[in-house]
Structures are given as C-alpha cells and as structure tokens.
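Each chain is listed here by its residues.
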Amino acid sequence: MTTGHVFIATSLDGYIARPDGDIGWLLARDDPNEDHGYDAFIADKDAIVMGRGSYEKVATFDPWPYDRPVLVLSRQLAGTPVPDRLRGKVRFAGLAPPEAMRVLEQEGARRVYVDGGQVVQAFLRAGLVEDMVITTVPVLIGSGRPLFGALPADRDLSLVASRSFPSGLVQTTYRVLP
C-alpha cells in the first residue's frame, strides 16, 4: 500500500505562506548550518504530490529542487502542457487524493511526499497521511494560507519526536492514528 508523508514548515500562527503565496518569511529564517532533516526525510520517498500553489512557487526556483517525479494535483492545470524545462519531472492531473495514490501505487511508488496546504488537508481528510514532520518557525505573520483546515472528524496524532534548533525553529513529528 502506498503511504503519504508530510514535511512542511509553518509560522507559529499556523500559516505555510502569506495570502499571495510568499514564503520570504520562511526563507529569511533558514539557517544553512542547521540540518532540519529534509535529506533524510526525502531519501525513502518515491514520488512527490503537491498542489498548484506549491508548484507555482517551486517552479520559480532555479534549479528545479526535486530529483523525484512530481505529480501536481490541479483541475486548472490538468490537460495543460508542462513547461519544457520540467518535462519528464512534473505532470499535472485533476485527480482526487485516493485516485492519485492508486495511480502512484500502480507505477510502483510506495512512499509519497505530500506537500502544500490544500493537498495536505485533502489527504488528511481522505485518511492518506501516515506521518507529518512540522517545523514551526518563531514568527507570527498574521494571515495567509493555513496548513490545516476543516475536517469531518477529529484526527488523533501520536507524538513521535520533537526537537528545537538554535535558530528557534521547533520540529515535531507525528504519526497520524487510524
């Protein structure tokens, strides 16, 4: 069975980006001398699933930061061509989370990195997230795109680990209980 795994940063007030998608508040606080564990996290992932907002932000990075196939879930982008520089690296699909996971499983993916606020929320609602690594940045940005949204019922979590960094970031790992 293919499982979903989250690795994401949020402001102390729960936002992953400003209303316009800006993440400058996060990048300004990234200390290159601190290992926040991303390389260890991504090492055993076979694919990445993200939403349009995350894709549009990451697509501005040069070079492209991922060495795994990326599936962008977006009804708006589905059926549109992938930019030339990302051909073979990215594809667009208007799939719901369960269908996306079935497609990835048929392609041999076992562990999938799930990224982006709305996509994380949709995968949580569908019961497709196994664990989450959430790094809290010590800043209040006041408004923006929230990491979490409405759920049909409580989702219980089990604390796996928590650690802090000299920069003030706090990283918490949770297992999502069935």
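Criteria and cut-off values
- Residues numbered from 1 in each chain as written.
- Predicted model: local features only at pLDDT ≥ 70, side-chain atom pairs only at ≥ 80, totals over all residues.
- Heavy atoms only, no water.
- Helix = DSSP H or I, 4+ residues; strand = E, 2+ residues; numbered from the N terminus.
- Rg over C-alpha atoms; globule rule 2.2 N^0.38 Å.
- Buried < 20%, exposed > 50% of the residue type's maximum accessible area, 1.4 Å probe, protein only.
- Contact = heavy atoms within 4.5 Å.
- Areas by Shrake-Rupley, 256 points an atom, 1.4 Å probe, with all protein chains shown as cover.
- Lys, Arg positive; Asp, Glu negative; His and termini not counted.
- Charge placed at Lys NZ, Arg CZ, Asp CG, Glu CD.
- Polar contact = N/O pair within 3.5 Å; in protein donor to acceptor, adjacent residues only side chain to side chain.
- Salt bridge = Lys/Arg side-chain N within 4 Å of Asp/Glu carboxyl O.
- Phe/Tyr/Trp six-rings, centres within 6.5 Å; stacked < 30°, edge-to-face > 60°.

> A description of the overall build of the chain should follow, citing residues and the corresponding values.
Each helix and strand in the chain was counted, giving five helices and ten strands. Its C-alpha atoms give the chain a radius of gyration of 16 Å, within 12% of the compact-globule value 16 Å for 178 residues. Along the first, second and third principal axes, the C-alpha atoms of the chain reach 40 × 40 × 30 Å. Of all 178 residues assigned to the chain, the portion counted as buried reaches 43%. Looking at the chain alone, contacts between residues at least 24 apart form 65% of all its contacts between residues at least 6 apart. If you sum the accessible surface of the chain, you get close to 9500 Å²; carbon and sulfur atoms cover 52% of it. For the chain, the separation between the mean place of its 19 positive charges and that of its 22 negative charges on side chains is 5 Å.

> So what's going on with the side chain of Arg68? Which residues, and what values?
Tracing the backbone through its elements, the reader meets Arg68 in the loop between α3 (52-58) and β4 (70-73). A distance of 3.4 Å separates a polar atom in the side chain of Arg68 from the backbone oxygen of Ala43. Polar side-chain contacts of Arg68 include one of 2.7 Å to the backbone oxygen of Lys45. The contacts of Arg68, once residues within four sequence positions are left out, are Ile42, Ala43, Lys45, Asp46, Ala47, Ile48 and Lys89.

> How would you summarise the pattern of salt bridges if you had to cite specific residues and measurements?
Evaluation of the coordinates by the stated rule reveals eight salt bridges. For Arg52, the salt bridge identified is with Glu56, shortest N-O distance 3.2 Å. Of this pair, Arg52 and Glu56 both sit in helix α3, four residues apart, which is roughly one turn of that helix. Under the relative-accessibility criterion, Glu56 is labelled partly exposed at 38%. For Arg91, the salt bridge is made with Glu107, and the minimal N-O distance between the two is 2.5 Å.

> So what's going on with the packing of aromatic side chains? Which residues, and what values?
Counted under the stated rule, the structure contains seven aromatic pairs. When the ring of Phe7 is compared with that of Phe41, the centres are 5.0 Å apart and the planes differ by 40 degrees; the resulting orientation is tilted. Taken together, the positions of Phe7 in strand β1 (residues 3-11) and Phe41 in helix α2 (residues 38-42) put the pair 34 residues apart, joining distant regions of the chain. Each member of the pair Phe7 and Phe41 is classed as buried. Ring geometry for Trp64 versus Tyr66: centroids 5.5 Å apart, planes at 80 degrees, classification edge-to-face. With respect to burial, Trp64 and Tyr66 carry one shared label: buried. A connected cluster of aromatic rings, assembled from ring pairs, spans Phe7, Tyr38, Phe41 and Tyr113.

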